[in-house]
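# Coordinate inspection notes
Listed below, chain by chain, are the residues.
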Amino acid sequence: MTQTVLITGGTGMIGKRLTQLLQEKGYEVAYLSRKQESIPNVKVYRWDVEKNWIDEKALVNADYIIHLAGAGIADGRWTDKRKQEIIHSRTSTIELIARELQGRPYKVKAFVSASAIGFYGADTGDKRLTEQNSSGSDFLAHVTRHWENSSELISHEGTRTTKLRIGVVLSSTGGALPQIMLPIRWGIGAPLASGTQWVSWIHLDDLCRLFITALENEKWHGVYNAVAPSPVTNEELTRQIADVLHRPLWMPNIPGLALRLLYGEMANVVLGGNYVVNQRIKNETDFQYQFDTIHQALADIAEK
């Protein structure tokens, strides 16, 4: 019998690729969306978070739920209003699903939520971070704490719940990488600030495979660092991109002050860094990465 995966935030970069891989495996995919839209081979259900309303058929038909919904962290300067939107878009959506599941005989077997390595703080230097490390104290850490705490509402309803703390996602279709690659293609790329800040990354396909594994494997629960095994510095990432694009790097590093003037507090996302270790995936699972080195990942993306 065909099983259905209900995805929030399904039209984003991760959701689109995840949909493809799920359908290749024989799953039916459905989306929860704020607007009525037609998407080939995907059933779209409506919800209105502000009105606390959800089409109950979405949950009646769901065997699994993947939560990706959330306003983009880097889509605008972090005004007070924008900060509230970033938090609210992640937490209120989960709270609505949890309320709908409460006391109802739904068949949902597992709930997998996106989270982020921002949980540890925007800049943790050279410290090796595992799932056992505590949360940071800045805005990104504040967001992810609330995000993950909201997911616990699903767990309290008796549904197996997994949270993936996602690193920098590498893809040709979105995220940070195309923006980083563009000036390098033009021959004017350069590392940011000192270039020594760590980038804990993951190839989009490996991330989507982690989501699917977390759905299918009943042993997966709690928090996992969704990063590749080998973090790199910003300078190394820049040099590896230049290498796969066959472009020179001759520009001086871009000053951190310039980035702060341009982006404000949001500059912490690129000026900071985290060395995040995928300890639970490595020690407790048999998950095998397709792209476990930065060169492998970038070479694959550059070909697309």
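Attention in this report is confined to the structure presented alongside it. Bear in mind the structure is a predicted one, so any value in this text is a computation, not a measurement.

Each value, and the rule that gives it
Residues numbered from 1 in each chain as written. Predicted model: local features only at pLDDT ≥ 70, side-chain atom pairs only at ≥ 80, totals over all residues. Heavy atoms only, no water. Helix = DSSP H or I, 4+ residues; strand = E, 2+ residues; numbered from the N terminus. Buried < 20%, exposed > 50% of the residue type's maximum accessible area, 1.4 Å probe, protein only. Contact = heavy atoms within 4.5 Å. Pairing = 2+ DSSP bridges. Axes fitted to C-alpha atoms, helices over the stretch in contact; angles between N-to-C directions. Phe/Tyr/Trp six-rings, centres within 6.5 Å; stacked < 30°, edge-to-face > 60°. Lys NZ or Arg CZ within 6 Å of the ring centre and 35° of its normal. Salt bridge = Lys/Arg side-chain N within 4 Å of Asp/Glu carboxyl O.

## Regarding the side chain of Thr4
Take Thr4: it is sitting in strand E1 (residues 4-8). Of the residues examined, Thr4 reaches a relative accessible area of 12% and is grouped as buried. Apart from residues lying up to four places away in sequence, Thr4 is in contact with Glu28, Ala30, Asn61, Ala62, Asp63 and Tyr64.

## What to know about the sheet that holds strand E12 (residues 222-226)
Ordered by their spatial adjacency, eight strands build an open sheet running E4-E3-E2-E1-E5-E6-E8-E12, and the pairing between neighbours is mixed. Either end of the sheet is taken by a strand with one partner, and the two such strands are strand E4 (53-54) and E12. Relative to the sheet, helix H4 (residues 139-156) contacts strand E5 (64-67), strand E6 (110-116), strand E8 (160-166) and E12, its axis offset from that of E6 by approximately 175 degrees.

## Quick word on the packing of aromatic side chains
Aromatic ring pairs: the centre-centre distance and the angle between the two ring planes describe each pair. Within this structure, the stated rule accounts for six aromatic pairs. For Arg90, the ring lying beneath its charged end belongs to Trp147, and the centroid distance is 4.7 Å. Over the face of the ring belonging to Tyr275 we find Arg128, whose NZ or CZ atom lies 3.8 Å from the ring centre.

## Comments concerning the pairing of E1
Within E1, five of the five residues are buried, leaving the element largely enclosed by the surrounding structure. Bridging between E1 and strand E2 (residues 28-33) involves five bridges; their strand directions are parallel. The residue bridging Leu6 from the neighbouring strand is Ala30, located in E2.

## A closer look at unusual backbone geometry
For Asn41, which is not glycine, the phi dihedral falls at a positive 65 degrees. Relative to the helices and strands, Asn41 resides in the loop between E2 and strand E3 (42-48). Asn41 sits in the exposed class, given a relative accessible area of 69%.

## Quick word on the pattern of salt bridges
If charged atoms from side chains of opposite charge come close, those side chains can pair. Under the definition given, this model contains 11 salt bridges. For Asp206, the salt bridge goes to Arg209, with nearest N and O atoms at 2.7 Å. On the criterion of helical spacing, the pair formed by Asp206 and Arg209 is a turn pair, its members being three residues apart in helix H6 (residues 204-216). We note a salt bridge from Arg280 to Glu284, for which the minimum N-O separation is 3.0 Å. Of this pair, Arg280 and Glu284 both sit in helix H10 (residues 279-284), separated by four residues, roughly a single helical turn.

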